[in-house]
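Next come the chains, spelled out residue by residue.
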Amino acid sequence: MPKLNNNERIRNIAIIAHVDHGKTTLVDAMFRQSGLFRVGQEVDERIMDSMDLERERGITIAAKNCSVVWKGVKINIIDTPGHADFGGEVERAISMSDGALLLVDASEGPLPQTRFVLKKALAAGLKVIVVINKIDRKDARSDEVLDEIYDLMIDLDATEEQLEFPLLYAIGREGIAQKTLEEKGEDLHLLLDTIIREIPPPTYDTTEPFQMLVSDLGYSDYLGRLAIGKVFNGKTGHNISLVCIDSEGKHIPLKVSKLQTYAGLKLAEIENTEPGDIIVLSGIENVKIGDTICTKEFPKPLRRISVDEPTVSMKFTINTSPFSGREGKYVQSSKIRERLNKETLRNVAVQMEETGDRDSLIVKGRGEFQLAIVIETMRREGFELCVGRPEVIVKYRDGEKLEPIEHLFIDCDENFLGVVSEKLSSKKGRMTNLVNNGRGRIRMEFSIPSRSLIGYRDEFLTDTKGTGIMNSYFSGYEPYRGDFPVRFTGSIVSDRQGNAVPYALFNLEPRGHLLIAPGDPVYEGMVVGEHNKEGDINVNPCKEKKLSNMRAAGKDDNVILSPVRPLTLERAINFIREDEMVEVTPVSIRIRKAALSAHKRHAMRSAKLKVDQ
């Protein structure tokens, strides 16, 4: 007979917010309020954004843990990503939580990624505290936003108990929380008190032995593999024989060399664990996310973390260009495979598949943005590789072809309604909702295939002159909606190796938009620009002006070229077609043809035309 008890000394809370709604800033303020930093101590802003990429982009990519102590109660804070592409991180965070803090911008209201994470939290039965943040904004509309939150909760099938959520208003930047809009808050005492009062303490069964669910993995140069997760039942100490139960039910014996828990942002060593706490075990090698660690005498698995299936795949291969090995430290297929395998262990939403070719792999994820982050991280670590165009993962049910569908939200100026709706309908999108508040901006909702959104973001920003906001989340698989043109333009391809010359580029400018600048190294098969017309053209970007002996070399014309926009990884991935790849090195990003030889490409094109006829 189970005998349930609560651990009143601990609270585990996940923070849910859309990108740029002030989540990381609020966590900083909670650290200061709880006395984690001494008076006058210099601290970086957004200290929870530990990755360089997170600081640069201002988004949370990986779920992270920290803790604060308030009135003798330890509050474990789990920072969840605000982007649906990192949904695998969300499931991990929720598996460790007993409650959630929903943070919503007082002007923007609940946006799609808020919806995505909140849906997971409500389905897990978590108690939710709502905080409307940035109430000091000039365009704040707190009352309307509150109505939108209620509508969203009802839409997501929240229970009556979940709908009666505690509500607070905050200015995260100033570290202020208050009960009503009228009163003036002074600090975050109210928020911390509300967390302790409203979030239920972790419940455990006193009759059960030690059980821990592995929700995250880490690595230490000194301690090896680290298993991070919540203790569901029981206690354990140092050098106790435990077993790890994997996905197939196998029992892997292991011995813990070190026990740690979160104290602020750092890890602190402990002698014994207590139920409900989030701990870090060291000295465990063969462990995966979702495994259960329990005692050898009473092995009993917990329910594994379930993750939504990946919807996008990309081909990763070694760099086969003439410049291979010049700029990267790791170029071998074995190193790339090893690094991607490590990524699949750390990130449950990423999957890796072998192909028939030992130099290439298929990597699957939630969206092209998630895979772009993986590539960018590898690039910064010194890897050199080539990646193909993102492709959606289709399924077949009873002989019918199904494809992933996104629920797309658009917020833009009403002047751009025509161009946006026309573009999206040509990409097989269906408008499901249109709201015009009469303030000059409109909100649209579309049901659209995931493949339609690959590369559309840049186009959308151009169409809305940089003022549009676009967000989406995966809504499920539906019957295939048919083909549509991906790109109406061709590529300008270099026909030889060398360095780009201003004279040659000046004469190529009328042909299209160039991607390279004078002096850039090029090779045969490298894409140097976007052709104005459909179809590719082979050009010589290294051609110099032939000077007659009537004119001195120094008397050449002064050539002024249009500025070239730097090629980013996302832009390159969105630009390429099926027969093109992106060459990624720590120094450069280049676009190239999969087959570099012009003769080979011509032969392949002729063979394809014969097949089509």
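S.K.: What is the right way to read helix α8 (residues 333-346) from this model?
M.R.: An α-helical turn contains 3.6 residues, so any two residues separated by three or four positions project in the same direction. Spanning 14 residues, α8 covers 20 Å between terminal C-alpha atoms, matching the ideal 20 Å at 1.5 Å per step. Those residues of α8 that sit buried are Ser333, Ile336, Arg339, Leu340, Glu343 and Thr344. Down the axis of α8, the smallest arc covering the buried residues is 145°, so these residues share one side. Turning to α8, the residues buried within the fold contact β18 (312-317), β19 (351-354), β20 (360-365), α9 (368-380) and β21 (385-387).

S.K.: I'm lost on the packing of helix α10 (residues 417-426) against helix α11 (residues 456-463) in this one. Help?
M.R.: Two quantities define a packed helix pair, namely the angle between the axes and the distance from one axis to the other. For the pair α10 and α11, the least separation of the axes is 10 Å and the interaxial angle reads 155°. With respect to each other, α10 and α11 are oriented roughly antiparallel. Here α10 and α11 pass one another in a crossing that is right-handed. Counted together, Val419, Val420, Lys423 and Leu424 of α10 and Tyr456, Glu459, Phe460 and Asp463 of α11 form the full contact between these two elements. Of the residues in the contact of α10 with α11, the class split is 5 nonpolar, no polar and 3 charged.

S.K.: What exactly am I supposed to notice about the side chain of Ser107 here?
M.R.: Its place among the elements puts Ser107 in the loop between β5 (99-105) and α4 (112-123). When its relative accessible area of 10% is taken as the criterion, Ser107 is described as buried. Once residues lying within four places of it in the same chain are set aside, the contact partners of Ser107 are Arg137, Asp139, Ala140, Arg141 and Val145.

S.K.: It is not clear to me how a negative patch on the surface should be interpreted in this structure. Could you clarify?
M.R.: A surface patch of like charges, here negative, comprises Asp143, Asp147, Asp151, Glu182 and Glu183. Locating Glu182 in the fold gives a position in the loop between β8 (176-178) and α7 (189-198). Using a relative accessible area of 70% as the deciding quantity, one classes Glu182 as exposed.

S.K.: Where do I start with the pattern of salt bridges in this structure?
M.R.: Pairing of side chains with opposite charge becomes possible as their charged atoms draw close. Evaluation of the coordinates by the stated rule reveals 34 salt bridges. A salt bridge links Lys364 to Glu353; the nearest nitrogen and oxygen atoms lie 2.6 Å apart. Here the residue Lys364 occupies a position in strand β20, and Glu353 occupies one in strand β19, the gap between them amounting to 11 residues. Overall, Glu353 belongs to the partly exposed group, its relative accessible area being 37%. Among the ionic pairs, Asp411 bridges to Arg441, the shortest N-O distance being 2.9 Å. Here Asp411 is found in strand β24 (residues 400-413), whereas its partner Arg441 is found in strand β26 (residues 441-449), with 30 residues between them in sequence. On the accessibility criterion, Arg441 (32% relative accessible area) is partly exposed. Bridged by salt links that share partners, the residues Asp536, Arg577, Asp579, Glu580 and Lys593 form one connected network.

S.K.: Is there a simple way to explain the packing of aromatic side chains in this structure?
M.R.: Centre-to-centre distance and the angle between the planes together describe a pair of aromatic rings. Following the criterion strictly, the structure yields 4 aromatic pairs and no others. Where Phe323 meets Tyr523, the ring centres are 5.0 Å apart and the plane angle is 90°; that geometry is what we call edge-to-face. Of this pair, Phe323 sits in the loop between β18 and α8 while Tyr523 sits in the loop between β31 (521-522) and β32 (526-531), and the two are 200 residues apart along the sequence. Of the two residues examined, Phe323 and Tyr523, each falls in the buried class. The side chain of Lys230 reaches across the aromatic face of Phe232, ending 5.0 Å from its centre. Taking the ring centre of Tyr477 as reference, the NZ or CZ of Lys395 above it sits at 4.4 Å.

S.K.: Would you explain the packing of α8 against α9 in this entry?
M.R.: Relative to each other, α8 and α9 sit at 130°, their axes nearing to 12 Å. Taken together, the axes of α8 and α9 are oblique relative to one another. Of the two possible hands of crossing, α8 and α9 adopt the one that is right-handed. Contact residues: Ile336, Arg339, Leu340 and Glu343 in α8; Val374, Thr377 and Met378 in α9. Its residues assigned to classes, the contact of α8 with α9 comprises 4 nonpolar, 1 polar and 2 charged.

S.K.: Hey, could you run me through the confidence of the model for the chain in this one?
M.R.: Atom-level detail of predicted coordinates should not be read off regions where pLDDT is low. On average, residues of the chain carry a pLDDT of 80, and 88% of them reach 70 or more. Below a pLDDT of 50 lies the segment residues 53-63, which in the model reaches 51 contacts outside its immediate sequence neighbourhood of four places, other chains included.

S.K.: Sorry if this is basic, but what is going on with α11 here?
M.R.: All of the buried residues in α11 are Tyr456, Phe460 and Asp463. Along α11, the residues classed as buried sweep out an arc of 65° about the axis, all on the same side. Contacts made by the buried residues of α11 are with β24, α10 and β27 (469-479). Where α11 terminates, the next one or two residues include Lys465, which has phi positive at roughly 55°.

S.K.: What is the right way to read the environment of Pro518 from this model?
M.R.: Relative to the assigned elements, Pro518 resides in the loop between β30 (512-514) and β31. Taking relative accessible area as the criterion, Pro518 reaches 39% and is therefore assigned partly exposed. Each C-alpha atom, one on Pro518 and one on Val501, is 5.2 Å from the other, the two residues being 17 residues apart in sequence. Setting aside residues no more than four positions away along its own chain, Pro518 makes contact with Ala500, Pro502, Leu505 and Leu561.

S.K.: How do you make sense of the pairing of strand β11 (residues 224-233) when you look at a structure like this?
M.R.: In the case of a regular strand, side chains alternate between the two sheet surfaces. Counted residue by residue, β11 has 9 buried out of 10 residues, so it is predominantly covered. With 5 bridges connecting them, β11 and strand β16 (residues 278-282) associate as antiparallel partners. Bridge pairing in β16 places Leu226 opposite Ser282.

S.K.: Explain the pairing of strand β34 (residues 580-584) to me, please; I cannot follow it from the model alone.
M.R.: Of all the 5 residues making up β34, 5 are buried; the element is thus mostly covered by neighbouring parts of the structure. Both faces of β34 are covered, namely the face carrying Glu580, Val582 and Val584 and the face carrying Met581 and Glu583. Relative to β34, β21 runs antiparallel, the two sharing 3 bridges. Across the sheet, residue Leu385 finds its bridge partner in β34, namely Val584. Counting the residues in the hairpin turn of β34 and strand β35 (residues 589-593) gives 4 residues.

S.K.: Before we go on, may I ask you to explain the side chain of Asp291 in this structure?
M.R.: Positionally, Asp291 belongs in the loop between β16 and β17 (292-295). A polar contact is formed between the side chain of Asp291 and the side chain of Arg304, at a distance of 3.0 Å.

Each value, and the rule that gives it
- Residues numbered from 1 in each chain as written.
- Predicted model: local features only at pLDDT ≥ 70, side-chain atom pairs only at ≥ 80, totals over all residues.
- Heavy atoms only, no water.
- Helix = DSSP H or I, 4+ residues; strand = E, 2+ residues; numbered from the N terminus.
- Expected span 1.5 Å × (residues − 1).
- Buried < 20%, exposed > 50% of the residue type's maximum accessible area, 1.4 Å probe, protein only.
- Arc of directions from axis to C-beta.
- Contact = heavy atoms within 4.5 Å.
- Axes fitted to C-alpha atoms, helices over the stretch in contact; angles between N-to-C directions.
- Parallel < 35°, antiparallel > 145°, perpendicular 65-115°, else oblique.
- Left-handed = near helix turned anticlockwise from the far one by under 90°.
- Nonpolar A, V, L, I, M, F, W, Y, C, P; charged D, E, K, R; others polar.
- Patch = residues over 30% accessible without salt bridge, like charges linked within 9 Å, V, L, I, M, F, W, Y side chains within 5 Å.
- Areas by Shrake-Rupley, 256 points an atom, 1.4 Å probe, with all protein chains shown as cover.
- Salt bridge = Lys/Arg side-chain N within 4 Å of Asp/Glu carboxyl O.
- Lys, Arg positive; Asp, Glu negative; His and termini not counted.
- Charge placed at Lys NZ, Arg CZ, Asp CG, Glu CD.
- Phe/Tyr/Trp six-rings, centres within 6.5 Å; stacked < 30°, edge-to-face > 60°.
- Lys NZ or Arg CZ within 6 Å of the ring centre and 35° of its normal.
- pLDDT = per-residue confidence, 0-100.
- Pairing = 2+ DSSP bridges.
- Polar contact = N/O pair within 3.5 Å; in protein donor to acceptor, adjacent residues only side chain to side chain.

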